[in-house]
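Read off the chains here:
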Amino acid sequence: MTDRRATWFERNGWTIFTGISLVTALFGLGDIFAGGSTFGFGETVMFNRLTGTTWDALQAADPGAANLIDYQVRASGAWLLLLGIFSLAISVTALRRGERWAWFAMWVWPLGVALVVAVLWSATQARGEGIPIPIISGSITIVVSLLTLALSARRYLAR
């Protein structure tokens, strides 16, 4: 049997998932605090493509609908925060130690984010100009997480 040195990804892939987890938790916190107002400054392209209007115009025309959207953004932010914290806990403990189940658990990132991007893409492709930010950031997350999983697989599967 040959003695091989572990690659950087085999030794440190967990740090990438730590970063993804922290960024997700921070986005969640941002959504909790910003609520629907995020559609007035950060997510305008997505909101305009989904609704055909602006956040300010919706608030003026239908405050009830704006309140519902505001609640949904905050509730989704809470779930993002919890997902980030949960993933962070797995990354800095079990994934760092090289536990196989943790590597399989990290597949939630490319698969889950791909599902979210696909749903958003299908909902926004018919209207407006520009690419919504979650499609861009989601695509980056998919690529980074898939590469990390692929390049660290030997550590978790070679038993």
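Look a little higher up for the structure.
Described in the following lines is the structure provided in the data block. (Residues numbered from 1 in each chain as written. Predicted model: local features only at pLDDT ≥ 70, side-chain atom pairs only at ≥ 80, totals over all residues. Heavy atoms only, no water.)

## Here's the deal with the environment of Gly-98
Here is step 1 of the chain: Assignment of secondary structure puts Gly-98 in the loop between helix 5 (63-97) and helix 6 (100-105).
Here is step 2 of the chain: Residue Gly-98 is classed as buried on the basis of its relative accessible area, which comes to 2%.
Here is step 3 of the chain: For Gly-98 and Asn-12, which are 86 residues apart along the polypeptide, the C-alpha to C-alpha distance reads 10 Å. (Helix = DSSP H or I, 4+ residues; strand = E, 2+ residues; numbered from the N terminus. Buried < 20%, exposed > 50% of the residue type's maximum accessible area, 1.4 Å probe, protein only.)

## Observations concerning helix 1 (residues 8-34)
Here is step 1 of the chain: Taking 1.5 Å of rise per residue, 27 residues should cover 39 Å, and helix 1 covers 38 Å from first to last C-alpha, within 8% of that figure.
Here is step 2 of the chain: Along helix 1, the helix axis deviates most sharply at Trp-14, where the bend reaches about 30°.
Here is step 3 of the chain: Among the residues making up helix 1, those that are buried are Glu-10, Gly-13, Trp-14, Ile-16, Phe-17, Thr-18, Ile-20, Ser-21, Thr-24, Ala-25, Gly-28 and Ala-34.
Here is step 4 of the chain: Within two residues after helix 1, Gly-35 carries a phi angle of roughly 60°, on the positive side. (Expected span 1.5 Å × (residues − 1). Bend = angle between axes of the 7 residues up to and from the residue.)

## So, the packing of aromatic side chains
Here is step 1 of the chain: By the definition in use, this model includes seven aromatic pairs.
Here is step 2 of the chain: Relative to Phe-104, the ring of Trp-103 has its centre 5.0 Å away and its plane inclined at 80°; by these criteria the two rings are edge-to-face.
Here is step 3 of the chain: Among the residues examined, Trp-103 registers a relative accessible area of 6% and is labelled buried.
Here is step 4 of the chain: Take Phe-104: its relative accessible area is 44%, and that puts it in the partly exposed class.
Here is step 5 of the chain: Taking 6.3 Å as the distance between ring centres and 20° as the angle between the ring planes, the aromatic pair formed by Trp-103 and Tyr-156 counts as stacked. Of this pair, Trp-103 sits in helix 6 while Tyr-156 sits in helix 8 (residues 133-157), placing them 53 residues apart in sequence.
Here is step 6 of the chain: Through successive ring pairs, a cluster of aromatic residues spans Trp-103, Phe-104, Trp-107 and Tyr-156. (Phe/Tyr/Trp six-rings, centres within 6.5 Å; stacked < 30°, edge-to-face > 60°.)

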